[in-house]
Amino acid sequence: MFLLRRLRPDPNSPLVRLSFIHFARWTVVKRIPHNEGQPREKLRYKHLFFESNFNGGWEEYIDAFSHILTAGMTKLWGSSYGFPKPLPTAPFKDYIRRNEIEASHFYSAYPDATKSMVSAALDLDQKLAAFKARACDLEPEQFSREWRAFLTDVQADL
Amino acid sequence: MRSSNESGQAYAFMAMTPIVQGEESDLRSYLEGIPRSSSPLAKLPRTHFARWVILEEFHHEAGQRRREQLKSQYLIFTSNFDGPLDSYLDELGEQLVEEAGEIWGRCYGCPRPAAGAPLKDYLLHNQIDTGLFFAAYADATVERVVASLDQRERMIDFAVETQGLTPNELQRRFRQEFCP
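Owing to the predicted nature of the structure, the values given are computational and were not obtained by experimental measurement.

1. Observations regarding the overall build of chain B
Link 1 in the chain: Helices and strands together make up the secondary structure of chain B, namely 6 helices and 5 strands.
Link 2 in the chain: A compact globule built from 180 residues should have a C-alpha radius of gyration of about 16 Å, whereas chain B, at 22 Å, is more than 25% larger.
Link 3 in the chain: By its C-alpha atoms, chain B is 75 × 45 × 35 Å across when sized along the principal axes.
Link 4 in the chain: The proportion of buried residues among the 180 residues of chain B is 38%.
Link 5 in the chain: Intrachain contacts of chain B at a sequence separation of at least 6 include 72% that bridge at least 24 residues.

As structure tokens, then:
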């Protein structure tokens, strides 16, 4: 757990470069809470739970993860039994398939939006607000010139 | 101090609850039968992504001296939402009354009815803290993300439709569309 905290991602981390991940988490399950009536559970091992909410195909996702986050993945999964290292990807994919649990129900508030689309939309929102503040009341000719410059500036977000 | 469940204003919640023996199959059928297009989680508008997963057993990997054998199957609920947790679970206890009984009602220790403050306490009791949480746009709420996506679509349409307009007409249309 200490290691996980030390790896807290910053804006320049390789995780940010994985441009298809919306949210991800790593959780160490050390013990399972007890409830009335439940057969008492005592884990022999700590288990690492990983959840990722991403867009795109599974194969491409694992490939990118392995190549971009190679060192980080070894730190994260290196203490897990059976972890074959991120590269080459084939044994790593087999390892994930063996340990993957499919969701019985999955929900997304914006299922058609990729992470890149969300980032672009948020970036555009800020730039558009600034443009409106300075350009709405300009003379039409000046507005038209500013509009063309604005479109050039935000073309990567469109 | 910020907890490891938080990133910006986003919160990563996880609860792991034991499924009553004999109820596993019915719970799985219920969850898998929920159409994605009408998910009950849509009633919690602060939810970005969430899921229910049934853990039947842990896979045994080479090198493990002994097999990890669970005494129950577990329902794992995870949600990535706009914090804070406290009011989110209040909303869950109020909005998911119909579904919660079908879902957590099949788990040991779940209150009857599965609703309100008792359900919230039950989920908090079974919460597992996150070690590392990554949120790509941690300061953007669901509301802001959805509004920004909609605005981007309108902007793309606008840029295409207004090509060739006179400056007067361009400005008029822009004000109409984006400066209400």
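2. Quick notes on the overall build of chain A
Link 1 in the chain: Helix and strand content of chain A: 7 helices and 3 strands.
Link 2 in the chain: Secondary structure elements of chain A occur, N-terminal to C-terminal, as α-α-β-β-α-α-α-β-α-α.
Link 3 in the chain: Considering chain A as a whole, with its 158 residues, one finds that 21% of them fall into the buried category.
Link 4 in the chain: Nonlocal contacts in chain A, meaning residues at least 24 apart in sequence, comprise 57% of its contacts between residues at least 6 apart.

3. Regarding the confidence of the model for chain B
Link 1 in the chain: Averaged over chain B, the pLDDT score is 96; the fraction of residues at 70 or greater is 99%.
Link 2 in the chain: For this predicted complex, the interface confidence comes out at an ipTM of 0.95, alongside a pTM of 0.93.

4. A look at the sheet that holds strand β1 (residues 21-29) of chain A
Link 1 in the chain: An order of β2(A)-β1(A)-β5(B) is seen for the 3 strands of this open sheet, with the pairing classed as antiparallel. Every other strand in the sheet has two partners, leaving β2 (47-54) of chain A together with β5 (132-135) of chain B as the edge strands with one partner each. Neighbour-to-neighbour, the strand axes of this sheet turn through a mean angle of 10°, independent of strand direction.

5. Considering helix α4 (residues 116-125) of chain B
All names here are of chain B.
Link 1 in the chain: Among the residues of α4, those classed as buried are Leu119, Lys120, Tyr122 and Leu123. All buried residues of α4 fall inside an arc of 160° around its axis, so they share one side.
Link 2 in the chain: Among the structural elements, β2 (10-18), α2 (85-95) and α3 (97-103) are those in contact with the buried residues of α4.

6. Some points on the interface of chain B and chain A
Link 1 in the chain: The partner chain A presents 63 residues to the 65 residues of chain B that form the contact.
Link 2 in the chain: Those elements that provide at least two residues to the side of chain B that touches chain A are β2, α1 (24-32), β3 (47-55), β4 (74-82), β5, α5 (142-161) and α6 (167-178) of chain B.
Link 3 in the chain: Element by element, the count of residues in the side of chain B that touches chain A is highest for α5 of chain B, at 10 residues.
Link 4 in the chain: Looking at side-chain class alone, the side of chain B that touches chain A contains 37 nonpolar, 19 polar and 9 charged residues.
Link 5 in the chain: Pairing analysis gives 4 bridges linking β1 of chain A to β5 of chain B, with the strands arranged antiparallel.

7. Remarks on the confidence of the model for chain A
Link 1 in the chain: Mean pLDDT for chain A: 90, with 89% of residues reaching 70 or above.
Link 2 in the chain: No element of chain A has a lower mean pLDDT than helix α1 (residues 2-6) of chain A, at 48, and none a higher one than strand β3 (residues 103-108) of chain A, at 97.

8. Digging into the packing of α2 of chain B against α4 of chain B
All names here are of chain B.
Link 1 in the chain: The interhelical angle for the contact between α2 and α4, taken along N-to-C directions, is 125°, at an axis separation of 8 Å. With respect to α4, the element α2 is oriented oblique. Two packed elements cross with a definite hand, and for α2 against α4 that hand is right-handed. Together, Leu89, Asp90, Gly93 and Glu94 of α2 and Gly116, Ala117, Leu119, Lys120, Leu123 and Leu124 of α4 make up the contact between the two elements.

9. Remarks on the sheet that holds β2 of chain B
Link 1 in the chain: Pairing within the open sheet is antiparallel, and its 5 strands lie in the order β3(A)-β3(B)-β4(B)-β2(B)-β1(B). Two strands bound the open sheet, and with one partner strand each, they are β3 of chain A together with β1 (6-7) of chain B.
Link 2 in the chain: Pairing of β3 of chain B with β4 of chain B involves 8 bridges; the strand directions are antiparallel. The partner of valine 53 of chain B across the bridge, within β4 of chain B, is isoleucine 76 of chain B.
Link 3 in the chain: Strands β3 of chain A together with β3 and β4 of chain B of the sheet are contacted by α1 of chain B, whose axis makes an angle of about 30° with β3 of chain A.

10. Let's talk about the nonpolar core
Residues and elements named next belong to chain B.
Link 1 in the chain: Grouped together as the largest cluster of nonpolar side chains are 61 residues, with contacts concentrated most on Leu75 and Trp104.
Link 2 in the chain: It is β2 that contributes the most residues to this core, 7 residues altogether.
Link 3 in the chain: When residues no more than four places from it in sequence are discounted, the contact partners of leucine 75 are Thr17, Ile19, Leu27, Trp52, Ile54 and Cys107.

What counts, and where the lines are drawn
Just so you know, the residues in each chain are numbered from 1, in the order the chain's sequence is written. All chains are assigned letters beginning at A, and all ligands numbers beginning at 1, according to the order in which they are written. At least 70 in pLDDT is required for a residue's local features to be given in this predicted model, at least 80 for side-chain atom pairs to be given and counted, and no such filter applies to totals for whole chains, interfaces and linings, which use all residues. Counting from the N terminus, the helices are DSSP H or I runs at least four residues long and the strands are E runs at least two residues long. What the globule rule says is 2.2 Å times the number of residues to the power 0.38, and the radius of gyration is computed from C-alpha atoms. Exposure classes come from backbone-placed C-beta atoms, where a residue is buried if 20 or more other C-beta atoms lie within 10 Å of its own, exposed if 12 or fewer do, and partly exposed in between. The contact criterion used is a C-beta to C-beta distance within 7 Å, with each C-beta placed from the backbone. Confidence scores here are pLDDT values: one per residue, from the predictor, ranging 0 to 100. By the convention used here, strands pair only if DSSP detects at least 2 bridges between them. Whenever a helix is involved, its axis is fitted only over the stretch in contact; in every case the axis is a line through C-alpha atoms, and angles between N-to-C directions fall within 0 to 180 degrees. What the arc measures is the spread of directions leading from the helix axis to the C-beta atoms. Three categories are distinguished: nonpolar for Ala, Val, Leu, Ile, Met, Phe, Trp, Tyr, Cys and Pro, charged for Asp, Glu, Lys and Arg, and polar for the others, with Gly belonging to the last. Any angle that falls under 35 degrees is termed roughly parallel, while one over 145 is termed roughly antiparallel, one within 65 to 115 roughly perpendicular, and all others oblique. Put simply, a crossing is left-handed when the front helix is turned counterclockwise from the back one by less than a right angle, and right-handed when it is turned clockwise. Take the buried Ala, Val, Leu, Ile, Met, Phe, Trp, Tyr and Cys residues, join any whose C-beta atoms are within 7 Å, and the set you get is a nonpolar core.

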